[in-house]
Structure formats: C-alpha cells, structure tokens
Amino acid sequence: MPNIVVVGAQWGDEGKGKVVDVLASCVDVTVRYQGGNNAGHTVVVGSEKFVLQSIPSGILHPGCRCVIGCGVVIDPASLIEEMESLVQRGVSLDGNLYISKNAHLIMPYHPALDRASESQAGKRRIGTTGKGVGPAYVDKTARIGIRMADLLDEEIFREKLEYNLQQKNRLLREIYDAETFTVDAILHPYRRYAGWLAPYITDTPLLLSRWIDAGASVLFEGAQGTLLDVDHGTYPFITSSSATAGGASTGTGVPPTKINGVLGIAKAYLTRVGGGPFPSELHGPMADLLRAQGKEFGSVTGRPRRCGWVDAVALRYAARLNGFDSIALTKLDVLDACETVKVCVGYRYGGDVLTDFPGEERIWHETEPVYEELSGWQTSTHGIREYAELPTKAREYLDRLSELCGVPFGLVSTGPMRDDTMLMPDSVLASWYPSLRGGWPPR
Ligand code: IMP
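As the structure is a computational prediction, the values presented were derived from the model and not from experiment.

### As for the layout of surface pockets
Here is step 1 of the chain: One number sums up the size of the second largest pocket: a volume of about 180 Å³.
Here is step 2 of the chain: In terms of lining, the second largest pocket is formed by Phe 50, Val 51, Leu 52, Gln 53, Ser 78, Glu 81, Glu 82, Ser 85, Leu 86 and Arg 89.
Here is step 3 of the chain: Secondary structure elements with two or more residues in the lining of the second largest pocket: strand S4 (48–52) and helix H2 (76–88).
Here is step 4 of the chain: Residues belonging to the lining of the second largest pocket are distributed by class as follows: four nonpolar, three polar and three charged.

Take a look at the structure:
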C-alpha cells in the first residue's frame, strides 16, 4: 500500500480534514508533519462535528495509528484539552497516538510574543492565529527551543527554561511593554503536562520506519497550505513551517524514497484568513454568498475568511512545487447558486499578463486578476457521488479547472459528510485506494 502526502494547494482551509478522514479508512497510519494548534481540521461524522488541531484526522478511525511528527510544534495544554475532548466523545487514544520526542513545545511566552509583535506591526501585521506558532519555530531555528524529550527531563527542562526566560522577559518588558513570566509559574503546570503526555512521547521516525518496512500504508497530513509555506508562500504573510510536500519528509523522519505520491487539496473557490495578498479576492454580495454558503469562518479563531474566485495560476504553482499526482477538489456545491463562475488565469501587471505565480510582494499587491468566465449550473450538486450525475456546466467547470492546473481531479467533495464524496474511478487516487471505488464506506 502506498505512502501518500496530502497537501493544501491554497492558503489553508481547503477541506483537508474531511479528505484525510475519508482516506484514513484505507490506511494504517496518519501523521502530521508541520504546524501546530493554529490548524483546525473539521471532520463531520454523522451528526457530530470534530475540530482537530494537533492530532491527525485519522484518530476518528479506531484501527488507524496517529503520529504527531517532529516538524509539529505542540502546545501541551491545548493538546491535552484536545485529547480529553476526544476521549469524552468515545475516541480511544491508547495505542493509537504517538508523539515525536523531537517535536518542539510551544511555551507560554510564545503566544505572548506572537500577540505583542502583532500589536506593534501596524500595516505589516500578518494576522496570525496568536497561538505562538511563529515564535516557537523561531526558537527551534535559533537552537534554544525546548523539545518533548526535554519535558520528560526535569533538570534539562528547568535549565533551558531559566536561560530562555531571561531573554524572553527582557524582550517582553523592554521591547513590547508586556507581562513577563516566572520560572515557577511555568514549571508547575509543565510538570503536570509531562506526566500526562509521557506515555505517548516516543521515537516516531523509528516506529514509522518499522511500520513501513512491515508493509503499513502511511498518510502524511499537511496543515495550512502551499501559499502559507515559509519558503514558497506569499512571504512574509505566511505561517512559519514547511507546509509543502517536502516538509513531509523532514517533519517526520521518513525518507523521500519511501513516499509514493502527493495529493493536493483545493477548494472550488478560494479563501484566506489574516493579512497578505489575494489577487482574486471578492468584496460585496458575491463574497458574502461564498462565505455564507461555505460557512467560511475560521475553525480556530472564528474569524470571517476572505473569499474569492479560484486562482488557476496559484494552483498550477502549487502543483509544480508539490508534484501533485492528483487533486481532490472540495466544496463544489458552494458554487451551486452562481450564475457565472470565474477562474483567475493570469495577473495583469505593468502592461504584461503573468501566467507564472510571482514571488515579489509589489507584484502581488498591485496585480489585477485576469478572469475566464464560465456559465454556472444553478442547480444542486450537494451530495452527488457520480461524475455522470453532475450537471453539464459543473462538469465543464471541473474539466476546465483541471486542464488549467495541469493535474487530473481524483476526488470531488460535494458536502461535509463522508459520503458526499465522488471518487473518479480511473484516477491515480482510485488506484492508491481501490476500496473507495464503490464510495463511502470503503469496501
Ligand atoms: P500563524 O500560523 O498563527 O503564525 O499565522 C500566520 C498566517 O497563517 C496567518 O495569516 C494565519 O491566518 C494563517 N494560518 C495559520 N494557520 C492556518 C490554518 O490552519 N488555516 C488557514 N490559515 C492559517
């Protein structure tokens, strides 16, 4: 069975949670490779809605082992809350959840620094989730981060905390005029977290290697999306980790030679939260319609998402960077009411039309989108599970979008439930997961 990376193709919130949940029924292991509790993966199971932040969406399948890889940053209080809430709802974690001992901790001073720096950034404000994810990655790269393994070693934990607090408190007090922290106020709760999390902390690259050698199939679950990647996204309006497919290897310790394919997840329109460029952004009634129909409010922060038309230039860029073999397109039904649907096919800038995604801030901010307009289908596609049953205009939209981004669609999602899912029978995705050919639940 293949090992596949699932990557967001846009600015996050593409519906990865639902797709990973559907595919997790066919794999043995799901593993998160980057990000932290800034992510919110929504999964609807029957009448229940789960929002997973740090734990892979595979946890909702009893036979699926879940790993939080070394590329993830972990807020232990938030993780424990997530674990407790799952247990209360009948989800079993024992023997199902493994946390990398090399993953870095989000410490209480990280959200404080995140919020303090945002409050002084003015027009350069990123619009972060305020969870301390960026500052935790800063410490990781600066080699002063505190890892899960350190949490289990009281002496080293205290030594690192004392050293870091001297620096962080100066920064908070003198640069940001913000509240400072004492060692004891952090040590006490973190000791409790250590007791809670100790049974789950382990050498996950070693486990993953053993499982793969024994024939297990692994699904790598990306958080955020390609355009928020620290290197390839719309820098500096990005998150601080490697959200693209390359991050799956460094963020888990599984070598690239053991990874067999990449699935991109894209929404049939486009959203982003926080600041930064968004060439095909809409304002007014059309944006309001997409936001209302698509329930486009942040699952972590509740912020209304900015909405716009799908951007084929950006999708082609994501396909190239990640090497998508296939794309799962989500939320097609949100466009059902539209009289016409538009696709951004180029950026007008300085008298030229650019068809390759630019890397310069000035171009992103000053560019005008060039659209191709297609007829809408104005009939419900909600819950449709067969391509042949889609209205002709919806099929034309899918075919044109797939042609523009140069990647075949392997799956189309037409609603939030597991069975509102259409698998293209001849796709590479169907060859990876043949038991899904007859639809959900897998056979
Ligand atoms: P941070 O990751 O909290 O530092 O936020 C940096 C940027 O990434 C902000 O624009 C956030 O809104 C965005 N972001 C972070 N996580 C997500 C996510 O899961 N979905 C969508 N946007 C996100």
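### Quick word on the side chain of Ser 54
Here is step 1 of the chain: Secondary-structure assignment places Ser 54 in the loop between S4 and strand S5 (65–68).
Here is step 2 of the chain: Ser 54 gets classed as buried once you look at its relative accessible area, which sits at 0%.
Here is step 3 of the chain: If we skip the residues at most four places from it in the chain, Ser 54 touches Arg 32, Gly 36, Asn 37, Ile 68, Leu 79 and Glu 82.

### Some thoughts on empty space enclosed by the protein
Here is step 1 of the chain: Summed over all chains, the structure comprises one cavity of 30 Å³ or more.
Here is step 2 of the chain: Taken together, Val 22, Leu 411, Thr 421, Leu 423, Leu 436, Gly 439 and Trp 440 make up the lining of the largest cavity.
Here is step 3 of the chain: When the residues that make up the lining of the largest cavity are grouped by side-chain class, the tally is five nonpolar, two polar and no charged.

### Quick look at the packing of helix H11 (residues 312–322) against helix H13 (residues 392–405)
Here is step 1 of the chain: Where H11 contacts H13, the axes come no closer than 8 Å and their chain directions differ by 55 degrees. Looking at the two axes, H11 sits oblique to H13. Residues Ala 312, Leu 315, Arg 316 and Ala 319 of H11 touch H13, and the partners they reach there are Leu 401, Leu 404 and Cys 405.
Here is step 2 of the chain: Residue classes in the contact of H11 with H13 are distributed as six nonpolar, no polar and one charged.

The rules behind the values
Residues numbered from 1 in each chain as written. Predicted model: local features only at pLDDT ≥ 70, side-chain atom pairs only at ≥ 80, totals over all residues. Heavy atoms only, no water. 1 Å grid on protein atoms, 1.4 Å probe; cavity = no way out; pocket = protein on both sides within 12 Å on 5 of 7 lines; lining within 4 Å. Points joined across faces, edges and corners; volume = space filled by probe spheres on them. Helix = DSSP H or I, 4+ residues; strand = E, 2+ residues; numbered from the N terminus. Nonpolar A, V, L, I, M, F, W, Y, C, P; charged D, E, K, R; others polar. Buried < 20%, exposed > 50% of the residue type's maximum accessible area, 1.4 Å probe, protein only. Contact = heavy atoms within 4.5 Å. Axes fitted to C-alpha atoms, helices over the stretch in contact; angles between N-to-C directions. Parallel < 35°, antiparallel > 145°, perpendicular 65-115°, else oblique.

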